[in-house]
Amino acid sequence: MKHFCDPTVYPDRHFDGWGMGGQNMCDVHLVLKRLVALRYDNLLQEGRHDWMHFLGTSKLEWAVLLTVIQRAVRKYVNPQFTISFDCASPFLATANGQVYFENVYEHDQKWSYRMAPSADDKKYATDTRKWSDGVVADGIYPRWEDSPLSNLFKMKDICIYKPGDLNKIGKEGKTSWDSFSYALLMGHNVWMHLTAVQEANRRFDAGTRPAMMQRQGGDYAKFEDIVEAIFAAPDRATAEAIIEQYDTYWMEIVGTRGFKGKKAKNARTQFKALFSFEEPEVDTEPSDSVQLDTTALDKLEQEQL
């Protein structure tokens with residue numbers, strides 16, 4: 001589509017940004033090659049091509065990786081350049097019965113949003129304990145990091161249905177959650193996800209490094225130093241040569257779809273690759289009208305295959 005972004009071809013109606021999907025959103029080798037190509041094709045111009053959006057980017061390490069790239073492009077190419085990304089993970093997690101309880105950024109370890117199956121029991125329908133107190137005291141979570149939303153929850157705010165209560169379709173289901181329970185927990189998950197991205201960038205700037213971005217072997221050049229060299233290069237050929245010089249390093253950086261290099265996986269394994277679980281995943285077979293309908297996931301898997 002880059003023909004339609006060229007101001008020399010469409011001076012008054014060219015596209016003014018880039019959307020990175022497919023392999024372009026999850027293979028750092030390819031991302032850097034694309035950016036170098038766009039730079040030397042004059043398609044990262046200030047005021048004309050200031051935005052690049054990465055679709056479906058959930059892996060926490062990529063939050064810092066894309067920040068490093070954004071800073072280098074701003075320094076050497078376009079000071080207004082901005083990278084954004086989106087994901088459905090906080091919502092998909094809740095639909096699978098999983099709720100974020102802490103975020104992890106240990107040096108030289110895997111960085112992750114940590115989650116586990118949530119409290120879902122009709123015995124909590126009259127429980128007035130604070131959510132964080134109840135789920136830790138009852139061993140549902142080993143620890144709990146509050147969001148501004150979850151800080152207001154009581155156990156009974158999430159586990160709505162008592163034994164014998166009928167749901168919205170007039171049946172007594174297995175779950176104690178109603179539709180608003182899902183909405184509340186999704187809001188908590190969104191907060192946890194956003195603050196994880198912000199904290200990851202702060203820690204990275206302070207010198208903490210995720211294992212995924214540590215180089216193996218004798219060459220200890222840091223990711224940000226390599227990216228700096230690519231965009232500081234005097235010409236396209238030199239920039240591309242630097243990218244190829246670190247080909248084996250790029251292959252070790254796990255993509256946002258949970259693979260290294262070119263090894264793609266389907267939607268369900270992608271979800272499992274993004275998170276750390278304290279407990280086994282819950283059964284996602286719908287038992288109530290507000291439970292997850294897996295038809296859409298199954299259809300997506302078949303389309304990807």
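Just so you know, these numbers come straight off a predicted model, no measurement behind them.

J.: Can you explain helix α8 (residues 236-245)? Please cite residues and give values.
T.: Of all the positions in α8, only A239, I242 and I243 are classed as buried. Axial view of α8: buried residues confined to an arc of 100°, hence all on one face. Exposed and oriented more than 90 degrees from the buried face of α8 are A237 and Q245. If you follow the buried residues of α8, they end up packed against α1 (28-40), α7 (223-232) and α9 (247-252). Taking the backbone nitrogen of A237 as reference, a side-chain oxygen 3.3 Å away marks D235 as the first, capping residue of α8.

J.: Lay out a nonpolar patch on the surface in plain terms, naming residues and giving numbers.
T.: A cluster of nonpolar residues, M1, F4 and F15, forms a patch on the protein surface that exposes about 340 Å² of accessible area. With respect to the helices, strands and loops of the structure, M1 is situated in the segment before β1 (17-20).

J.: So what's going on with the confidence of the model for the protein chain? Which residues, and what values?
T.: In the predicted model, the protein chain carries a mean pLDDT of 85, and 82% of its residues have values of at least 70. When pLDDT is averaged over each helix and strand of the protein chain, the minimum, 46, is found for helix α11 (residues 295-304) and the maximum, 98, for helix α4 (residues 131-137). This model gives residues 261-269 a pLDDT under 50, and the stretch forms 17 contacts once residues within four places in sequence are excluded. Across residues 277-305, where pLDDT falls below 50, the model places 55 contacts with residues more than four positions away in sequence or in other chains.

J.: Pulling in residues and values, what's your account of the environment of S84?
T.: Among the structural elements, S84 can be located in strand β3 (residues 82-85). On the basis of relative accessibility, which here comes to 16%, the residue S84 falls in the buried class. With 21 residues separating them along the chain, S84 and A63 place their C-alpha atoms 9.4 Å apart. In this structure the side chain of S84 is engaged in a polar contact, spanning 2.7 Å, whose partner is the side chain of H53.

J.: I'd like a description of the pairing of β3, backed by residues and values.
T.: Sheet topology note: the strand β2 (residues 51-54)/β3 ladder contains 4 bridges and is parallel. Note on β3: the bridge partner recorded for M52 is I83. Read from β2 through helix α2 (residues 60-76) to β3, the crossover connection turns out right-handed.

J.: Explain the packing of aromatic side chains residue by residue, including any values.
T.: Evaluation of the coordinates by the stated rule reveals 12 aromatic pairs. When the centroid spacing of 5.0 Å and the interplanar angle of 80° are considered together, the rings of W177 and Y182 count as edge-to-face. For the pair shown, W177 and Y182 are each scored as buried. Grouping aromatic residues by their ring pairs yields a cluster made of F101, W131, Y141, W144 and F153. The ring of F204 carries R209 above its face, with NZ or CZ at 4.0 Å from the centroid.

J.: Hey, could you go over the sheet that holds β2 for me, with residue numbers and the actual values?
T.: With respect to topology, 3 strands assemble into an open sheet ordered β1-β2-β3, the strand pairing being parallel. Where the open sheet ends on each side, the last strands, each with one partner, are β1 and β3. Taken over all neighbouring pairs, the strand axes of this sheet differ in orientation by 20° on average, direction set aside. α2 contacts β2 and β3 of the sheet and is inclined by roughly 160° relative to β3.

J.: Requested: an account of the nonpolar core, with residues and values cited.
T.: One finds I69, F223, I230 and W250 to be the most contacted residues of the largest nonpolar core, which totals 54 residues. For this core, the element with the highest residue contribution is α2, accounting for 10 residues. Those residues in contact with I230, other than ones at most four positions away along the chain, are L32, V36, R39, A239, I242, I243 and W250. Of all hydrophobic cores here, the second largest spans 18 residues; its members include A116, W131, Y141 and L185.

J.: Pulling in residues and values, what's your account of the pattern of salt bridges?
T.: Under the defined criterion, the tally for this structure stands at 15 salt bridges. D138 is the partner of R129 in a salt bridge, and the nearest nitrogen-oxygen pair spans 2.9 Å. On the basis of relative accessibility, which here comes to 30%, the residue R129 falls in the partly exposed class. Judged by relative accessible area, D138 falls into the partly exposed class, the value being 36%. A cluster of three or more residues bridged by salt bridges with shared partners is formed by K2, D41, R236 and E240.

Rules used in this analysis
- Residues numbered from 1 in each chain as written.
- Predicted model: local features only at pLDDT ≥ 70, side-chain atom pairs only at ≥ 80, totals over all residues.
- Heavy atoms only, no water.
- Buried < 20%, exposed > 50% of the residue type's maximum accessible area, 1.4 Å probe, protein only.
- Helix = DSSP H or I, 4+ residues; strand = E, 2+ residues; numbered from the N terminus.
- Arc of directions from axis to C-beta.
- Contact = heavy atoms within 4.5 Å.
- Polar contact = N/O pair within 3.5 Å; in protein donor to acceptor, adjacent residues only side chain to side chain.
- Patch = residues over 30% accessible without salt bridge, like charges linked within 9 Å, V, L, I, M, F, W, Y side chains within 5 Å.
- Areas by Shrake-Rupley, 256 points an atom, 1.4 Å probe, with all protein chains shown as cover.
- Salt bridge = Lys/Arg side-chain N within 4 Å of Asp/Glu carboxyl O.
- pLDDT = per-residue confidence, 0-100.
- Pairing = 2+ DSSP bridges.
- Right-handed = clockwise from strand over helix to strand, strands pointing away.
- Phe/Tyr/Trp six-rings, centres within 6.5 Å; stacked < 30°, edge-to-face > 60°.
- Lys NZ or Arg CZ within 6 Å of the ring centre and 35° of its normal.
- Axes fitted to C-alpha atoms, helices over the stretch in contact; angles between N-to-C directions.
- Core = buried A, V, L, I, M, F, W, Y, C linked by side-chain atoms within 4.5 Å.

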